[in-house]
Amino acid sequence: MRDPVRIGVLGCADIARRRMLPALAGAGDTVLTAVASRDAGKAARAALPYGCRAVTGYPPLLALPEVEAVYVPLPVALHAEWVEAALLAGKHVLAEKPLTTDPDRSRQLFALARARGLVLRENVMFVHHPQHAAVRRLLAGGAIGELRSFHASFTVPRRPDGDIRLDPALGGGALWDVGVYPVRAAVHFLGAGLRVAGAVLTGGRDGRGVDIAGSALVRTPEGVGAHLDFGIDHAYRSAYELRGSEGRITVDHAFTPPADRPSVLRLDRGTTTRESTVAAHDQVAGTVRAFARAVRAAAPDGPSGTAGSAAVDRSEEASLRQADLLADVLCGAGRDLARTFAPPSTTEYS
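Predicted model only: the values in this text are computed from it and were never measured.

Rules used in this analysis
- Residues numbered from 1 in each chain as written.
- Predicted model: local features only at pLDDT ≥ 70, side-chain atom pairs only at ≥ 80, totals over all residues.
- Heavy atoms only, no water.
- Buried < 20%, exposed > 50% of the residue type's maximum accessible area, 1.4 Å probe, protein only.
- Helix = DSSP H or I, 4+ residues; strand = E, 2+ residues; numbered from the N terminus.
- Arc of directions from axis to C-beta.
- Contact = heavy atoms within 4.5 Å.
- Phe/Tyr/Trp six-rings, centres within 6.5 Å; stacked < 30°, edge-to-face > 60°.
- Axes fitted to C-alpha atoms, helices over the stretch in contact; angles between N-to-C directions.
- Parallel < 35°, antiparallel > 145°, perpendicular 65-115°, else oblique.
- Nonpolar A, V, L, I, M, F, W, Y, C, P; charged D, E, K, R; others polar.
- Pairing = 2+ DSSP bridges.

**Q** Please clarify how helix H6 (residues 130-140) should be interpreted in this entry.
**A** Each α-helix winds once per 3.6 residues, and so residues spaced three or four apart point in a common direction. Where H6 is concerned, the buried positions are Gln-131, His-132, Ala-134, Val-135 and Leu-138. Looking straight down H6, one finds its buried side chains confined to an arc of 155 degrees; they lie on one side. Those residues of H6 that are exposed and aimed more than 90 degrees away from the buried face are Arg-137 and Ala-140. If you follow the buried residues of H6, they end up packed against helix H7 (174-190), strand E11 (237-244), strand E12 (248-252), strand E13 (263-269) and strand E14 (272-278). Once H6 finishes, Gly-142 follows within two positions and takes phi at roughly 80 degrees, a positive value.

**Q** What exactly am I supposed to notice about the packing of aromatic side chains here?
**A** Where two aromatic rings form a pair, the distance of their centres and the angle of their planes describe that pair. A full pass over the atoms with the stated rule returns 11 aromatic pairs. Between Tyr-58 and Trp-82, the ring centres sit 5.1 Å apart and the planes meet at 80 degrees, which makes this aromatic pair edge-to-face. Placement of Tyr-58 in helix H3 (residues 58-62) and of Trp-82 in helix H4 (residues 79-88) is noted, with a sequence separation of 24 residues between them. With a relative accessible area of 13%, Trp-82 lands in the buried category. Summarising the aromatic geometry, the rings of Phe-150 and Phe-189 are spaced 5.8 Å apart at their centres and angled 40 degrees between planes, so their arrangement reads as tilted. Taken as a pair, Phe-150 in strand E7 (residues 147-155) and Phe-189 in helix H7 lie far apart in primary sequence, 39 residues in all. Here Phe-150 and Phe-189 have matching classes, each one buried. An aromatic cluster of three or more residues is present, and its members are Phe-126, Phe-150, Phe-154, Tyr-181, Phe-189, Tyr-236, Tyr-240 and Phe-255.

**Q** Sorry if this is basic, but what is going on with the packing of H4 against helix H5 (residues 103-115) here?
**A** When two helices pack together, their arrangement is captured by the angle between the axes and the distance separating the axes. Contact geometry of H4 with H5 gives a least axis separation of 10 Å together with a crossing angle of 10 degrees. Taken together, the axis directions place H4 and H5 in an arrangement best described as roughly parallel. Facing H4, whose interface residues are Ala-80, Val-83, Glu-84, Leu-87 and Leu-88, H5 presents Arg-105, Leu-109, Leu-112 and Ala-113. In terms of residue class, the contact of H4 with H5 is made up of seven nonpolar, no polar and two charged.

**Q** Explain the side chain of Arg-184 to me, please; I cannot follow it from the model alone.
**A** Tracing the backbone through its elements, the reader meets Arg-184 in helix H7. We classify Arg-184 as buried; its relative accessible area is 6%. Once residues within four sequence positions are removed from consideration, Arg-184 is found in contact with Glu-122, Val-124, Phe-126, Val-127, Ser-315, Ala-318, Ser-319 and Gln-322.

**Q** Which parts of the structure should I look at to understand the pairing of E11?
**A** The side chains of a regular strand alternate, residue by residue, between the two faces of the sheet. One ladder, built from eight bridges, connects E7 with E11; its direction is antiparallel. What sits directly across from Ser-153, in E11, is Ala-239. Turn length for the E11-E12 hairpin, with the two strands adjacent in sequence and antiparallel, is three residues.

Take a look at the structure:
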């Protein structure tokens, strides 16, 4: 690794303050250079613990020559606008998931990044945890025989009033907030060609205007089925299970495992249950380091045709498969993919 990547942050969202700013400042491969908010006070408060520059407004941060890359934790409805602006300003981009709510728009942004020699990555952190590689090794080794089905669930308790994830104008709702996790897990383990056989999205009873729960049945071209469910007004659940002809693998704490505790994989085969552990790993720091490596590999004087460059291509491919599947879930539930999001001026976000 050469010099750390100098990163600016567009917005002071909760995930940025709690998880990403500490990781960007402490990973070693990156330097937190500036934090921007529409509110000068919020920017100052977010920047203070890290001794970095506080910027009022997003365009002024994009104009800073010392910023090489930006992290975008804005509401999903604003991702396309500001990811595009950052790429046009010559910045590499790490954007919160989902990248956009429209696969065609996501493809346009990835194409723009490639045309400008820039890295664009979607911040799907769980795929950087080694527990999933361990699961893949078990599958490849025939631990459960032939794979028959995949089941994944991510549900969280109700968000407080005023949370942007409850605002339909900003792209709120269960599918975009938590549905992306089981959908990406299906892509991660089942690969290309997934199709939605049926989907349901359920609105809240309090008239919030967003979906608070959903489920989907998808299938591979070979007929392996996957049941995915998600919700934002539920008891907490973060798990997946792969069932085969001879056994099953279960992973709890699949999507947000604690950074300081080992992960446990449970293998049931016949009447025998075996548990194995995977060493504790900070997946937030892992995604930051992976982004920094990709940025340095993409530099004009960086290595060409390296594993880092190939990893960028694989990441883009997975993100686009995920985008297609999310759109299929939406359409399968009878919703309009063409819907546009226009943030009202009264909505508070930073």
